[in-house]
Amino acid sequence: STYQMGILLLFNEKSRQNYIGIREATQLTDDVLKGTLKTLLKVRILLCDPKLSSQNPTLTESHRFAVNPNFKSTRLKININIRPESEKTSEREGTMGGIDDDRRMQIQAAIVRIMKMRRELAHQSLLAEVLEQLRPRFNPKIPLIKKCIDMLIEKEYLERAPNRKDYYHYLA
């Protein structure tokens, strides 16, 4: 990444760099700098003094860094774009939340389209048609479809048939 390149270019001027010097030269925030340095340490391009261990897992301002003169790789191209785990999980949670919201909207739209055409439909038939319509995009879960039906009832797009409890009427 650009951050990694910027840090590695600092070692052209001096063979040893301390944490504070790297932070001032790159003007990166502590979180970004620590993540980038840990990535370079993990791949063993850089060496760290004092070494990181299970007792000392965090980088501090007292750490000093140097390029590893014994670094060798059998690969022609080296992948050093490894994200820290905390970043991966937070991004994953954010992405999954957005996907779930989009899927809920798609399910609700499919239910409204189906009910607009049919005007009255049995619960099982509605579930089957929603599954059929959305299968090319994703495989919706039945409990999520039921929640979406309840949400549409609350929004007054649908109502339960007064004389049959497993039937729905389209209102809007």
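Predicted model, so just to flag it, every value in this text is computed and none were measured. (Residues numbered from 1 in each chain as written. Predicted model: local features only at pLDDT ≥ 70, side-chain atom pairs only at ≥ 80, totals over all residues. Heavy atoms only, no water.)

Trainee: How do you make sense of the sheet that holds strand E4 (residues 120-122) when you look at a structure like this?
Mentor: Pairing between the strands of a sheet is mediated by backbone hydrogen bonds and can be parallel or antiparallel. Pairing within the open sheet is antiparallel, and its three strands lie in the order E4-E6-E5. Two strands in the sheet have a free side with no partner beyond their single neighbour: E4 and strand E5 (158-160). Put simply, the sheet's adjacent strands are angled 30 degrees from each other on average, direction ignored. Against the sheet, helix H5 (residues 123-134) makes contact with E4 and strand E6 (167-170), and its axis sits at roughly 90 degrees relative to E4, the strand it touches most. (Pairing = 2+ DSSP bridges. Helix = DSSP H or I, 4+ residues; strand = E, 2+ residues; numbered from the N terminus. Axes fitted to C-alpha atoms, helices over the stretch in contact; angles between N-to-C directions. Contact = heavy atoms within 4.5 Å.)

Trainee: Before we go on, may I ask you to explain the sheet that holds strand E3 (residues 64-67) in this structure?
Mentor: Ordered in space as E1-E3-E2, the three strands form an open sheet in which the pairing is antiparallel. Looking at which strands have only one partner, the edges of the open sheet turn out to be strand E1 (16-18) and strand E2 (46-49). Averaged over all adjacent pairs, the angle separating strand axes in this sheet is 30 degrees, with direction ignored. In this sheet, E3 lies alongside E2 in antiparallel orientation, the contact comprising four bridges. Counterpart to Cys48 in the pairing with E3 is Phe65. Against the sheet, helix H2 (residues 19-26) makes contact with E1 and E3, and its axis sits at roughly 80 degrees relative to E1, the strand it touches most. Running at roughly 110 degrees to E2, helix H3 (residues 30-42) makes contact with E2 and E3 of the sheet.

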